[in-house]
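What follows is each chain in one-letter form.
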Amino acid sequence: MSAIVSVKNLSFSYESTTKKKAVSVENNILEIPEFSINAGEHVFLFGPSGSGKSTLLNILTGLLLPSSGQVKILEQDWSSLKGKTRDAFRANHIGFVFQQLNLIPYLDVLDNILLGAEFGQQNRPKHQLIEQAKQLMNDLQLPESLLLKPARQLSVGQQQRVAIARALIKEPELLIADEPTSALDEANRNAFLKVLFELAEKNNTTLVFVSHDQTLASQFKRVVGIQSINKASKSGE
Amino acid sequence: MFVKLAKQSLISRRTSVLLTVLAITISVFVLLSVEHIRHQAKQSFNRTVSGVDLIVGPRTSQINLLLSSVFRIGDSSNAISQSSVEDLASHPMVSWVVPIALGDSHKGHRVMATTADYFQYFKFGAKQPLTFKQGQVFKQHFDLVLGADIAEKYSYELGKEIVLSHGTGVTSFTHHEQTPFTVVGILNRTGTPVDQTLHVSFEGLHHMHEEPQNEERAHKEHNQEEHDYEDQDNHEGHAHHDKALDHEEHENHDEDHDHEEHAQEGGEAAVEHDHDHKVSAVFVGLKARFASLVMQKWANDYKGEALSAIMPGVALSQLWRMVGSVETVLQVISILVLITTLIGLSTMLLATMRERTKEIAILRVLGASPMFIFMLIELEVFVITFIGCIAGALLLWITLLAAEPLLASQLGLFIDTNPISETSLMVLAFVLVGSLIMGLIPAINAYRHSLQANLTAR
């Protein structure tokens with residue numbers, strides 16, 4: 001099995017890229033000697049807030065570059081790609097689901113889904129994309145009638161599912177979900193996880209599910225605590 | 001999708017967007033109208049008279065004489081006598097003279113008495129002569145030649161009989177009903193005050209005022225004239241505009257009294273025949289251009305009465321400088337208004353950045369480049385400004401259509417109602433470029449947001 005994600009000797013401190021937080025120079029938020037995820041794995045990545053989760057996600061998606069070390073997605077080193085190529089690479093290979101407010105509120109559901117395929121280099125004709133969007137809606141148990149509704153009219157649970165559809169329409173190798181269920185009640189959460197797993201399985205997508213809620217861990221084959229891979233002394237406080 | 005995003009994003013914030021568009025519309029309207037009027041006024045100014053080397057009239061300011069003789073605005077409070085005109089005409093440097101007399105009106109439009117030479121020598125624009133659309137120059141006493149606008153406005157045709165009124169107010173109480181004039185010619189449009197003028201011969205004017213022979217009528221008319229004066233005094237403030245013609249009238253039906261008075265004022269004895277009438281101004285053509293200065297001095301030194309002579313080109317540019325400086329102030333103000341508006345536009349977009357942080361994060365994680373975000377904001381700026389520009393131009397066009405007759409009749413300004421000219425397109429381009437530059441502020445803000453896009457930002 002080939003590694004979809006491979007991290008080597010990663011270290012990161014905000015000081016080098018932004019002045020946002022008063023973090024002293026010596027204090028790295030992340031220090032990860034080694035971490036990898038194989039194709040087809042469903043990984044539950046958990047850690048309390050402030051454990052460097054968000055930073056790791058920013059790095060995995062190529063929005064932030066490591067201060068040192070190597071982060072490879074599909075054997076491609078983020079650091080070796082230039083800004084635009086990096087954006088295109090992300091567009092082509094990584095799907096992402098936010099904790100909440102995933103959708104552009106003023107676009108309708110269909111446009112929100114199609115936006116997922118907008119920035120890649122896949123030149124699929126539009127009607128084919130629309131077909132696929134409908135298929136995804138079916139798989140996610142969303143009525144097709146929602147397609148032309150503005151995204152802001154949907155319930156939170158529906159919005160999160162549409163976000164999966166948007167992430168998957170470009171058929172990414174890697175799907176990263178950042179606490180996608182935290183805004184959902186239990187019934188919705190279970191339904192959400194069910195369709196997420198089904199679709200990941202069906203599309204042969206590697207899934208990285210990030211959460212601070214360990215009760216969900218039981219549903220995943222592989223569980224990784226961030227604190228166990230992150231050697232940074234006292235990170236992010 | 002790019003365009004759709006911008007469009008939907010604007011629609012979703014329609015209230016603030018509409019207000020911004022409205023602000024831009026107004027500032028574009030102000031900017032364009034100042035520019036348009038300035039351009040048109042200058043053109044209109046400069047094309048009013050041409051081919052005339054000198055205008056000689058009673059002693060007054062350059063601009064006064066120019067306004068009354070060429071623009072037919074205001075009043076010619078004084079007049080010069082026929083003998084001065086004859087002296088002028090006989091000067092060796094003078095090639096032609098065309099005397100004019102103003103003072104009567106028809107429905108508020110000026111009636112100008114002149115000679116048939118006027119149609120030959122008076123030119124406008126780039127030395128274009130006056131041409132007849134229909135008919136010909138007046139031949140009989142009560143013949144009348146119409147300017148294009150008058151003919152069009154009242155649908156007057158050849159053969160139509162028209163009654164002229166005494167004085168220049170719109171509502172005159174004295175109509176020369178006994179002496180209707182017959183339209184014998186209609187001029188082609190010139191875009192100058194000529195279009196608003198009714199032309200008659202001196203003989204016609206003279207006979208018209210001579211007409212009420214019986215004393216009772218004459219008396220009655222006198223009383224009416226007094227009312228007429230009062231009326232104009234109150235409403236328009238030019239009560240004295242045609243004293244000269246008035247005198248002439250008195251002279252003719254009331255000879256005894258008038259001789260003295262006339263003699264006092266005019267400084268010379270009136271000779272009673274058809275050709276003795278006072279003249280408001282004289283258009284003069286010279287044998288050589290350089291003679292202008294000589295003739296100006298001649299007029300200033302003229303012994304018979306106080307004369308002044310102006311060179312139309314010089315007077316026009318002097319007038320233009322007066323008006324022009326006002327327009328420069330207006331221009332500066334309108335540019336300031338525009339800048340304020342553009343700052344408002346930029347502020348509006350900046351204010352939305354907070355709520356758009358999430359949007360930007362979404363687009364970024366989907367693979368949009370920071371440049372895409374930057375362009376998205378600039379596109380919104382462009383769309384808002386573009387709509388504002390179109391709306392502003394439309395508003396101006398409608399306003400011009402409404403204001404054009406008023407400007408022509410009240411100010412003698414002949415403007416083109418089409419606001420789209422090379423200059424106005426330049427102005428619009430300037431506005432668009434300016435807005436894109438101001439749009440850089442929110443766009444760069446968004447760009448930087450997107451570089452630092454934090455996936456957990458909310």
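From a predicted model like this one, the values you see are computed outputs, not experimental measurements.

What counts, and at which threshold
Residues numbered from 1 in each chain as written. Chains lettered and ligands numbered in written order. Predicted model: local features only at pLDDT ≥ 70, side-chain atom pairs only at ≥ 80, totals over all residues. Heavy atoms only, no water. Phe/Tyr/Trp six-rings, centres within 6.5 Å; stacked < 30°, edge-to-face > 60°. Helix = DSSP H or I, 4+ residues; strand = E, 2+ residues; numbered from the N terminus. Buried < 20%, exposed > 50% of the residue type's maximum accessible area, 1.4 Å probe, protein only. Lys NZ or Arg CZ within 6 Å of the ring centre and 35° of its normal. Core = buried A, V, L, I, M, F, W, Y, C linked by side-chain atoms within 4.5 Å. Contact = heavy atoms within 4.5 Å. pLDDT = per-residue confidence, 0-100. Pairing = 2+ DSSP bridges. Axes fitted to C-alpha atoms, helices over the stretch in contact; angles between N-to-C directions. Parallel < 35°, antiparallel > 145°, perpendicular 65-115°, else oblique. Nonpolar A, V, L, I, M, F, W, Y, C, P; charged D, E, K, R; others polar. UniProt positions renumbered as here; feature names shortened; annotations may be inferred. Patch = residues over 30% accessible without salt bridge, like charges linked within 9 Å, V, L, I, M, F, W, Y side chains within 5 Å. Areas by Shrake-Rupley, 256 points an atom, 1.4 Å probe, with all protein chains shown as cover. Salt bridge = Lys/Arg side-chain N within 4 Å of Asp/Glu carboxyl O. Left-handed = near helix turned anticlockwise from the far one by under 90°. Buried area = accessible area lost by both parts, 1.4 Å probe. Polar contact = N/O pair within 3.5 Å; in protein donor to acceptor, adjacent residues only side chain to side chain.

Trainee: What is the right way to look at the packing of aromatic side chains in this model?
Mentor: Geometry of an aromatic ring pair is reported as the spacing of the ring centres plus the angle between the planes. All told, the structure shown has 21 aromatic pairs over all chains when counted by the stated rule. Aromatic side chains Phe142(B) and Phe181(B) sit 5.0 Å apart centroid to centroid with 80° between the ring planes, which places their arrangement in the edge-to-face category. With Phe142(B) in the loop between β6 (132–135) and β7 (143–146) and Phe181(B) in strand β10 (residues 181–187), this residue pair connects regions lying 39 residues apart in the sequence. On the basis of relative accessibility, which here comes to 0%, the residue Phe181(B) falls in the buried class. Aromatic side chains Trp298(B) and Tyr302(B) sit 5.1 Å apart centroid to centroid with 40° between the ring planes, which places their arrangement in the tilted category. Among the aromatic side chains, those forming a connected cluster through ring pairs are Tyr118(B), Phe119(B), Phe122(B), Phe132(B), Phe138(B) and Phe283(B). In this arrangement the basic side chain of Lys358(B) is found over the ring face of Phe98(A), its NZ or CZ atom lying 3.9 Å from the centre.

Trainee: What is the right way to look at the nonpolar core in this model?
Mentor: Here is a general trend for soluble globular proteins: nonpolar side chains tend to be buried in one another's company. Leu5(B) and Leu363(B) are the most contacted members of the largest nonpolar core, which totals 80 residues. Beyond its immediate stretch of four places on either side in the chain, Leu363(B) contacts Ile104(A), Leu115(A), Phe119(A), Leu5(B), Ala368(B), Phe372(B), Ile373(B) and Leu376(B). Formed by 40 residues, the second largest nonpolar core is a distinct cluster that contains Ile113(A), Met137(A), Phe209(A) and Ala217(A).

Trainee: Sorry if this is basic, but what is going on with the confidence of the model for chain A here?
Mentor: The predicted structure's coordinates, where accompanied by low pLDDT, should not be read in detail. Residues and elements named next belong to chain A. Scored by pLDDT, chain A comes out at a mean of 82, with 92% of its residues at no less than 70. Put simply, helix α7 (residues 226–229) is where chain A has its lowest mean pLDDT, 83, and strand β8 (residues 206–211) is where it has its highest, 90. Predicted confidence is poor over residues 16–24, with pLDDT under 50, and the contacts of this stretch with residues over four places away or in other chains come to 6 contacts.

Trainee: Can you walk me through unusual backbone geometry in this structure?
Mentor: In most cases, non-glycine residues show a negative phi, while peptide bonds are predominantly trans. All names here are of chain A. Unusually for a residue other than glycine, Asn9 sits at a positive phi of about 50°. The phi torsion at Leu74 lies on the positive side, around 50°, for a residue other than glycine. Checked against the element boundaries, Leu74 lands in the loop between β4 (68–73) and β5 (76–77).

Trainee: Any chance you could explain the sheet that holds β4(A) here in plain terms?
Mentor: The strands making up a sheet associate through hydrogen bonds between their backbones, and the pairing can be parallel or antiparallel. Residue and element names in this part refer to chain A. The sheet built from 4 strands is open, its strands ordered β2-β1-β4-β5 with antiparallel pairing. The open sheet has two edge strands with one neighbour each: β2 (30–38) and β5. Sheet topology places strand β1 (residues 3–12) next to β4; 5 bridges connect them, and they run antiparallel. Across the sheet, the residue bridging to Lys8 is Gln70, located in β4. The strands touched by helix α1 (residues 53–60) are β1, β2 and β4; relative to β1, the strand with the most contacts, the crossing angle is about 120°.

Trainee: What exactly am I supposed to notice about the packing of helix α5 (residues 156–168) of chain A against helix α6 (residues 186–203) of chain A here?
Mentor: Any two packed helices are characterised by the angle at which their axes cross and by the distance between the axes. Residue and element names in this part refer to chain A. At a minimum axis separation of 10 Å, α5 and α6 run at an interaxial angle of 10°. With respect to each other, α5 and α6 are oriented roughly parallel. From α5, Gly157, Gln160, Arg161, Ile164 and Leu168 reach across to α6, where they touch Asn188, Phe192, Val195, Leu196, Leu199 and Asn203. Looking at the contact of α5 with α6 residue by residue, the classes come out as 6 nonpolar, 4 polar and 1 charged.

Trainee: Please explain the UniProt feature "transmembrane region" (unreviewed entry) in chain B as it appears in this structure.
Mentor: Residues and elements named next belong to chain B. As annotated by UniProt and renumbered to match this structure, "transmembrane region" (unreviewed entry) occupies residues 15–34, 329–351, 372–403 and 423–444. End C-alpha to end C-alpha, residues 372–403 measures 45 Å, and it is 100% helix and 0% strand. Structurally, residues 423–444 is divided into 100% helix and 0% strand, and its ends, taken at the C-alpha atoms, are 31 Å apart.

Trainee: Honestly, a nonpolar patch on the surface in this entry has me stumped. Any pointers?
Mentor: All names here are of chain B. Together, Phe382, Phe386, Ile390, Leu394, Trp397, Ile398 and Leu401 give the surface a local cluster of nonpolar side chains, amounting to about 640 Å² of exposed area. Within the secondary structure, Ile390 sits in helix α13 (residues 370–411). Ile390 sits in the partly exposed class, given a relative accessible area of 42%.

Trainee: Please explain the packing of helix α2 (residues 14–47) of chain B against helix α12 (residues 312–365) of chain B as it appears in this structure.
Mentor: Residue and element names in this part refer to chain B. Between α2 and α12, the least distance of the axes is 9 Å, while the angle of their chain directions is 165°. Judged on the interaxial angle alone, α12 and α2 are roughly antiparallel. The handedness of the crossing between α2 and α12 comes out as left-handed. Residues belonging to the contact of α2 with α12 are distributed by class as follows: 19 nonpolar, 7 polar and 4 charged.

Trainee: Explain the sheet that holds strand β9 (residues 222–225) of chain A to me, please; I cannot follow it from the model alone.
Mentor: Residue and element names in this part refer to chain A. With respect to topology, 5 strands assemble into an open sheet ordered β6-β7-β8-β3-β9, the strand pairing being parallel. Strands with a single pairing partner mark the edges of an open sheet, and in this sheet they are β6 (94–97) and β9. Here the strands of the sheet are splayed against their neighbours by 20° on average, with no regard to which way each runs. For β6 and strand β7 (residues 174–178), the ladder comprises 4 bridges, and the chain directions are parallel. Of the residues in β7, the one forming a bridge with Phe96 is Ile176.

Trainee: Help me out: how do you make sense of the interface of chain A and chain B in this one?
Mentor: Note on interface size: it is often stated as the accessible area lost on association of the parts. Taken together, the contact between chain A and chain B spans 32 residues of the former and 27 residues of the latter. Carbon and sulfur atoms make up 63% of the surface buried where chain A meets chain B, a total of about 2700 Å² over both sides. Counting the surface chain A buries against chain B, the share from its top three residues, Phe98(A), Tyr106(A) and Phe119(A), is 26%. The shortest N-O distance in the salt bridge between Lys4(B) and Asp111(A) comes to 3.0 Å. One can count 4 residue pairs in polar contact (both at pLDDT 80 or more) joining chain A with chain B.

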